[in-house]
Amino acid sequence: MSATPTPTRDLLMFVVFAAAVLTMPMWLAPIGAGYPDLLQKFAIYGLFATGFNLLFGLTGYLSFGHAAFLGVGSYTAVWTFKLLGMNPIPAAIMAIAASGIFAVAIGFVSLRRSGIYFSILTLAFAQMSYNLAYSVLTPITNGETGLRVLRSDPRLFDAAGQGDGPLVSTLFGIEMSGYPGFYFCAVLLIIGFFIAQRIFRSPFGTMLRAVKSNQNRMNYTGLNPRPYTLAAFVISGMYAGLAGALLCITDPLAGAERMQWTASGEVVLMTILGGMGTLLGPILGAGLIKYFENIFSAFNEQTLHRIFGFLPDFLETPVVAITSLFVGEGWQLTLGVLFMLIVIFLPGGIMEGFSRIGRMFRRSSGAKGSHQTAPAE
Amino acid sequence: MDVFLLQLLNGLDKGGAYALIALGLTLIFGTLGVVNFAHGALFMLGAFCAVSFNKLITLQKIIIDPTKTTAWGTPLEVRTPYAEAMFGDFGQWLVNYSVPVSIVLAIPVMLIIGFVMERGLIKHFYNRPHADQILVTFGLAIVLQEVIKTLFGANPIPQSAPDAVRGAADIGAMLGFQAGAIVYPWWRMVYLLFSAAIIAGVFAFLQFTTFGMVVRAGMADRETVGLLGINIERRFTIVFAIAAVVAGLAGVMYTPILPPDYHIGMEFLVLSFVVVVVGGMGSLPGAVAAGFLLGILQSFASMNEVKDVLPGIDQIIIYLVAVVILLVRPRGLMGRRGVMEN
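Residues numbered from 1 in each chain as written. Chains lettered and ligands numbered in written order. Predicted model: local features only at pLDDT ≥ 70, side-chain atom pairs only at ≥ 80, totals over all residues.

- In the annotation of an unreviewed UniProt entry, the entry for chain B reads Amino acid/amide ABC transporter membrane protein 1, HAAT family, and the organism field reads Roseibium suaedae.
- In UniProt, chain B has this text filed under Subcellular location (unreviewed entry): "Cell membrane".
- The Sequence similarities (unreviewed entry) field of the UniProt record for chain B holds the comment "Belongs to the binding-protein-dependent transport system permease family. LivHM subfamily." (UniProt positions renumbered as here; feature names shortened; annotations may be inferred.)

- An unreviewed UniProt entry lists chain A under the name Amino acid/amide ABC transporter membrane protein 2, HAAT family, from Roseibium suaedae.
- Under Subcellular location (unreviewed entry), UniProt gives the following word-for-word description of chain A: "Cell membrane".

Have a look at this one:
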């Protein structure tokens, strides 16, 4: 984000982004990511991370319990399927509403504190929801088995029990699995991105940045930061709820493990990896992590032997032995290492890496050309 | 009354584990100002010190004895652990007491791990925001966890307590209640005493040694101590190593109670953080008191009588207490005024 944002630039960015998302099946195919299940994950977690970034990236409040909203969204979506029918649109709307209400309640309490206390409060709430979903709330959440749509459910609007096809969500006759499912998620991701972009550029977004940079000064100016942070918290909770609903729209099953705190950690990771406070970063981070998860965890020793086949034998065996620790079952090790490296060396994430490279190029070309000194940032 | 006492005892050993981990967390936070999300991983590493010690001394030598045959007519395989073959009775004793004896292994190992961690990673994060510290130690925790998973597998590995303290004590009979009313496993009692001893040791160390005095001074006002010409960073490294040892020992001794697997640390970490916050950030007595308090509360909440009134309360009681404390008294039960209060 070195260039100053102007409306034209923003529009260009949005158009390029939308085009890139919609053509993902094509340009991701060569690296083995061109199948719909994975593409859906890219879009859904991109949305989740975008929402998380609206809170963490702009206000600096690190929520460690965002997965709770994902879970609430999922459960609401499945219940909407069960009661109203398999159309994804009411499910998505209900999920956004439910997670929004949930976020108002949690945010109202948690935002009374900041810093690490806020992190722990959100973590506490998320763990509470997770534990309850597993134990007492079993009538609503179906506990460990997970909540799914059954044939005996009422489903008021789509003539329940009559069809005997697979129970997938259908949007006016189009089944929301495979590529149609992906395009549905992609369109919502693009809408979500557009809203995030507008928030970033709005006075509201500036207020949120003010909360991050200096709350005291903001107080002295006569502004109360709490309504702004609460609004950001609720919006980002709604994004998470929508993402949770989309997970169920593409695969109608909701389980409590979605709310576990490791899931909250994952979205933090995505945002950091891509670059917090940037528009594209979190989506990039989400894509990379889901890519690692799906592709790397499918690697096994044979694949590695094929990849390193060009090495002489005495080298090949140890290389395969070492790399096999990082793929397959051990992909989380890769994730952990990557995560540490990013936090240590590149706190701004991948986007900062890009802008550093960009600056390097600009400087060298500037030195060759008109001998202008680069303006101080 | 006896039910009450039983729940109290049940809460105490879990509380002991919470208190030990929270003590280490508070030491690190109070001295270094670092929020260490990898502390649960240290607990786990300690537990796996016990596991590897046990594996090491039960390595078996297989001798085929041609003079005897099994019921199937094949030569009898005699399996003797190397430790037994080499040291005889002492070896047998060693196998039996592997969990407590592995403390001897765990102390140097945890010291080294703590030292390397602080010098290699944490040192560079003193002046970074808390969010960065949380994130980098979280990453480290994932890495440590995965390494243990590759080395030991994903399944819990049960460890047994020494024969002498296996089984349960009928405390009820001793105190004059009905026999069998209060039955409490011996090992949990050992754990309780052990954690009390460690806590007392740490406090004595901080209270009665010159080193401890410097550390306490550093916790109160780091800059002034530095201005007096004391190399405070050096001391803090040692404090970190001590905190690692405390967490590790808590892990070692907990193995007979809960078979360790690679994510045991994460489960304890979340709760210990809550404990630290309830006790008050940077307050050592607070951490200990809150550890025992929450352990006991949790055990009371899991009584059937309580669960009938408030279903599910046992699952959320700790978090609920934390939320209430943070909202009503943000500096925690025994926190100092002005430390991390907003």
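**Thoughts on the overall build of chain A**
Inference 1: For chain A, the helix and strand inventory stands at 17 helices and four strands.
Inference 2: In summary, chain A has a C-alpha radius of gyration of 22 Å against a globular reference of 21 Å for 377 residues, a match within 12%.
Inference 3: When the backbone C-alpha atoms are referred to their principal axes, chain A occupies close to 75 × 70 × 40 Å.
Inference 4: The buried share among the 377 residues of chain A stands at 45%.
Inference 5: A separation threshold of at least 6 residues defines the contact pool for chain A, and within that pool the share at least 24 residues apart is 78%. (Helix = DSSP H or I, 4+ residues; strand = E, 2+ residues; numbered from the N terminus. Rg over C-alpha atoms; globule rule 2.2 N^0.38 Å. Buried ≥ 20, exposed ≤ 12 C-beta atoms within 10 Å, placed from the backbone. Contact = placed C-beta atoms within 7 Å.)

**Side note on the overall build of chain B**
Inference 1: Each helix and strand in chain B was counted, giving 15 helices and four strands.
Inference 2: C-alpha atoms of chain B, sized along the principal axes, occupy 75 × 50 × 35 Å.
Inference 3: Scored against the burial criterion, the 342 residues of chain B give a buried share of 47%.
Inference 4: The contacts of chain B with a sequence gap of at least 6 include a subset with a gap of at least 24, amounting to 74%.

**Regarding the interface of chain A and chain B**
Inference 1: Counting residues at the interface gives 35 residues for chain A, matched by 29 residues for chain B.
Inference 2: Those elements that provide at least two residues to the side of chain A that touches chain B are α6 (115-134), α12 (261-274) and α16 (331-345) of chain A.
Inference 3: When residues of the side of chain A that touches chain B are assigned to their parent elements, the largest contribution, 12 residues, is made by α6(A).
Inference 4: The class makeup of the residues in the side of chain A that touches chain B is 23 nonpolar, 10 polar and two charged. (Nonpolar A, V, L, I, M, F, W, Y, C, P; charged D, E, K, R; others polar.)

**Overview of the UniProt feature "transmembrane region" (unreviewed entry) in chain B**
Inference 1: Residues given the UniProt feature "transmembrane region" (unreviewed entry) here are residues 20-53, 94-114, 134-152, 193-215, 236-257, 269-297 and 309-328 of chain B.
Inference 2: Along residues 309-328 of chain B one finds 85% helix and 0% strand; the C-alpha atoms at either end are 25 Å apart.

**Examining the confidence of the model for chain A**
Inference 1: In the predicted model, chain A carries a mean pLDDT of 82, and 92% of its residues have values of at least 70.
Inference 2: Overall, residues 368-377 of chain A carries pLDDT values under 50, and its contacts beyond four positions in sequence, including any with other chains, amount to three contacts. (pLDDT = per-residue confidence, 0-100.)

**Structural notes on helix α12 (residues 264-279) of chain B**
Residues and elements named next belong to chain B.
Inference 1: A rise of 1.5 Å per residue sets the reference length of α12, with its 16 residues, at 22 Å; its end C-alpha atoms lie 23 Å apart and thus fit the reference within 8%.
Inference 2: Among the 16 residues in α12, 15 count as buried, and that is most of the element.
Inference 3: Directly beyond the C-terminal end of α12, a positive phi value near 115 degrees is found at G280. (Expected span 1.5 Å × (residues − 1).)

**Considering the packing of helix α1 (residues 2-32) of chain B against helix α13 (residues 284-301) of chain B**
Residues and elements named next belong to chain B.
Inference 1: Between α1 and α13, the least distance of the axes is 6 Å, while the angle of their chain directions is 150 degrees. Here the hand of the crossing between α1 and α13 comes out right-handed.
Inference 2: Residue composition of the contact of α1 with α13, grouped by class: 15 nonpolar, nine polar and one charged. (Axes fitted to C-alpha atoms, helices over the stretch in contact; angles between N-to-C directions. Left-handed = near helix turned anticlockwise from the far one by under 90°.)

**Thoughts on the environment of L208(A)**
Residue and element names in this part refer to chain A.
Inference 1: In this structure, L208 sits in helix α9 (residues 203-213).
Inference 2: Looking at L208, the number of C-beta atoms within 10 Å reads 24, which means it is buried.
Inference 3: Note: C-alpha distance between L208 and P225 (17 residues apart in sequence) is 8.1 Å.

**Some remarks on the packing of α12(A) against helix α13 (residues 281-296) of chain A**
All names here are of chain A.
Inference 1: Two elements in contact, α12 and α13, have axes separated by 7 Å at closest approach and are oriented at 115 degrees. For the pair α12 and α13, the crossing hand works out as right-handed. When α12 is examined against α13, the residues L269, M270, T271, L273 and G274 are found in contact with a partner set consisting of G281, P282, I283, L284, G285, A286, L288 and I289.

**Structural notes on the nonpolar core**
Generally speaking, nonpolar side chains in soluble globular proteins are found buried as a group.
Inference 1: With 214 residues, the main nonpolar core has F48(A), L242(A), A243(A), L23(B), V274(B) and A322(B) as its most contacted residues.
Inference 2: Here this core takes 16 residues from helix α11 (residues 232-254) of chain B, the largest share from any one element.
Inference 3: Other than its neighbours up to four places away in sequence, V274(B) contacts I120(A), A124(A), I318(B), Y319(B) and A322(B). (Core = buried A, V, L, I, M, F, W, Y, C linked by C-beta atoms within 7 Å.)

**Concerning the environment of V72(A)**
Residues and elements named next belong to chain A.
Inference 1: On the secondary structure map, V72 appears in helix α4 (residues 67-84).
Inference 2: The exposure class of V72 is buried, given the 28 C-beta atoms found within 10 Å.
Inference 3: Separated by 178 residues in sequence, V72 and T250 place their C-alpha atoms 16 Å apart.

**Section: the environment of I199(A)**
Residue and element names in this part refer to chain A.
Inference 1: Locating I199 in the fold gives a position in helix α8 (residues 178-201).
Inference 2: Take I199: there are 17 C-beta atoms within 10 Å of it, and that puts it in the partly exposed class.
Inference 3: Between the alpha carbons of I199 and L54 there is a distance of 8.3 Å; along the sequence they are 145 residues apart.
Inference 4: Residues within four places of I199 in sequence aside, it is in contact with L54, F204 and G205.

**Observations regarding the confidence of the model for chain B**
Inference 1: When pLDDT is averaged across chain B, the result is 83; 94% of the residues are at 70 or more.
Inference 2: Across the whole predicted complex the pTM is 0.82, and at the interface the ipTM reaches 0.76.

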